[in-house]
Amino acid sequence: MSDSSISVALLSYETLVHALAGAMGSVTAMTVFFPLDTARIRLQVDENRKSQSTPIILAEIAKEEGILSLYRGWFPVISSLCCSNFVYFYTFNTLKRVMVSDRPKPATDLLMGFISGAVNVLLTTPMWVVNTRLKLQGAKFRNEDLHQTHYKGIFDAFSQIISGEGVGALWNGTLPSLVLVFNPAVQFMFYEAMKRRAGRGGKKISSLEIFLIGAVAKAVATSATYPLQTVQAILRFGQYKSDGKGGLVGSLRNVVSLLMDRIKRHGLLGLYKGLEAKLLQTVLTAALMFVVYEKITAATFKLMGLQRKLQH
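Residues numbered from 1 in each chain as written. Predicted model: local features only at pLDDT ≥ 70, side-chain atom pairs only at ≥ 80, totals over all residues. Heavy atoms only, no water.

Within this numbering scheme, the UniProt entry marks residues 16–36, 73–90, 110–130, 205–226 and 279–301 as carrying the feature "transmembrane region" (unreviewed entry). Between the C-alpha atoms that bound residues 205–226 there is a distance of 30 Å. The span itself is 91% helix and 0% strand. (UniProt positions renumbered as here; feature names shortened; annotations may be inferred. Helix = DSSP H or I, 4+ residues; strand = E, 2+ residues; numbered from the N terminus.)

Rendered as structure tokens:
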């Protein structure tokens, strides 16, 4: 792997197209299914809210806080998601151009997914911490120990968190997030493998097939990593009382403590509270995202091909 090949991959127009298409696909899909994410994060953070069917949770939130509350925090979430998916798709497709030979392998896809996920987590976690806070601001909690925050927007939230909790608070939940790179890594491994199988012999893959492949890949990845996603949401919200020890050991203790406390209070099934809403939201979102992503990249590359043809 030469420096020149890495530079070419990083500066590739095709890599940029993949990154922009991935960002646009995720923004479109998340906007369509955003209320499902609202239900999911309430169930994860507010322990005293009963875990009911997703439609009932959504109806409760809308009745108590107004219909627009289902889209509370939309802009910061969409901004974070756009940046996050741009970074992920850009890194993944850069690695794909450098690492993948004529015969791609699932193990290579998994490794590229892990690396892309780690880069994404380290660069974008502060944005996700802020949007988690904004998404829950004004929520009516069943758990009285949770207190309301008063942020005036994205920049004010950044400012208050830094001044009140320190810069390090912007990376709350980084450890479970790094472990959770397993989620998109497994998702992309399954997605790439199933897409290759569906497209054998030069067969054109339909939008419905892409939708189903994306849905299956995300369902497998989400089910495997959901307990850590719950811990991640609690830590990002910033109201978990830790033992005060920092560093890697402190972070590990917080993660283990949260997992054990959830099991003690609600049993093993408590680790999967909100899974229905999460599966519904992430599976549908991922499936739609891949459809939009594939359509944008195909249309762009077709246009590029026409332009090249005209130039010669």
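Don't stop here, the text continues.
Relative to the elements of secondary structure, Asp109 occurs in helix α6 (residues 106–136). You can call Asp109 buried: its relative accessible area is 1%. Setting aside residues up to four positions removed in sequence, Asp109 forms contacts with Phe92, Met189, Glu192 and Arg196. (Buried < 20%, exposed > 50% of the residue type's maximum accessible area, 1.4 Å probe, protein only. Contact = heavy atoms within 4.5 Å.)

Right, let's talk about the nonpolar core for a bit. One finds Phe89, Phe188, Tyr191 and Phe290 to be the most contacted residues of the largest nonpolar core, which totals 19 residues. Secondary-structure elements contributing two or more residues to this core are α2 (13–32), α5 (74–99), α9 (182–198), α10 (207–237) and α12 (275–311). Among the elements that line this core, the one with the most residues is α5, at five residues. Once residues within four sequence positions are removed from consideration, Phe89 is found in contact with His18, Ala19, Gly22, Phe188, Met289 and Tyr293. Among the nonpolar cores identified, the runner-up in size contains ten residues, and Leu43, Leu58, Ala62 and Ala277 belong to it. (Core = buried A, V, L, I, M, F, W, Y, C linked by side-chain atoms within 4.5 Å.)

Let's shift gears to the packing of α5 against α9. α9 packs onto α5 with a crossing angle of 55° between their chain directions and a minimal axis gap of 13 Å. Comparing their axes, α9 and α5 come out oblique. The two elements α5 and α9 cross, and the hand of that crossing is right-handed. On the side of α5, the interface is formed by Tyr88, Phe89, Phe92 and Lys96, while α9 contributes Pro184, Ala185, Phe188 and Glu192. (Axes fitted to C-alpha atoms, helices over the stretch in contact; angles between N-to-C directions. Parallel < 35°, antiparallel > 145°, perpendicular 65-115°, else oblique. Left-handed = near helix turned anticlockwise from the far one by under 90°.)

Below, the discussion takes up the environment of Phe114. Take Phe114: it is sitting in helix α6. Those residues in contact with Phe114 that lie beyond four places of it in its chain are Val181, Phe182 and Ala185.

With that out of the way, let us pick up the environment of Arg49. By secondary structure assignment, the location of Arg49 is in the loop between α3 (34–45) and α4 (54–65). Sequence separation of Arg49 and Asn143 is 94 residues, and the distance between their C-alpha atoms is 7.5 Å. When neighbours within four sequence positions are excluded, Arg49 is seen to be in contact with Arg42, Leu43, Ile57, Glu60, Ile61, Glu64, Lys140, Arg142 and Lys273. Here Glu60 takes part through its side chain, which lies 3.0 Å from a polar atom of the side chain of Arg49. (Polar contact = N/O pair within 3.5 Å; in protein donor to acceptor, adjacent residues only side chain to side chain.)

Right, let's get into the pattern of salt bridges. Taken as a whole and assessed by the stated rule, the structure comprises 15 salt bridges. One salt bridge in this structure joins Asp37 and Lys135, with 3.9 Å as the shortest N-O distance. Of the two residues, Asp37 is situated in helix α3 and Lys135 in helix α6; the sequence distance between them amounts to 98 residues. Each member of the pair, Asp37 together with Lys135, is buried. Among the salt bridges present, the one from Arg265 reaches Asp261, with a minimum N-O distance of 2.9 Å. Residue Arg265 and its partner Asp261 are both found in helix α11 (residues 247–266); the two are separated by four residues, about one turn of the helix. Take Asp261: its relative accessible area is 28%, and that puts it in the partly exposed class. Salt bridges here are not isolated pairs; linked through shared partners, they connect Arg49, Glu60, Glu64 and Arg142. (Salt bridge = Lys/Arg side-chain N within 4 Å of Asp/Glu carboxyl O.)

The next subject is the side chain of Asn120. Residue position: Asn120 is located in helix α6. Setting aside chain neighbours within four positions, we find Asn120 in contact with Ser84, Val87, Tyr88 and Thr125.

Below, the discussion takes up the packing of α5 against α6. Contact geometry of α5 with α6 gives a least axis separation of 8 Å together with a crossing angle of 165°. When the axes of α5 and α6 are compared, the pair comes out roughly antiparallel. Of the two elements, α5 crosses α6, and the hand of that crossing is right-handed. In the contact of α5 with α6, the residues fall into 17 nonpolar, eleven polar and three charged. (Nonpolar A, V, L, I, M, F, W, Y, C, P; charged D, E, K, R; others polar.)

In this section: the environment of Leu269. With respect to the helices and strands, Leu269 occurs in the loop between α11 and α12. Counting along the chain gives 42 residues from Leu269 to Pro227, while the straight-line C-alpha distance between them is 9.7 Å.

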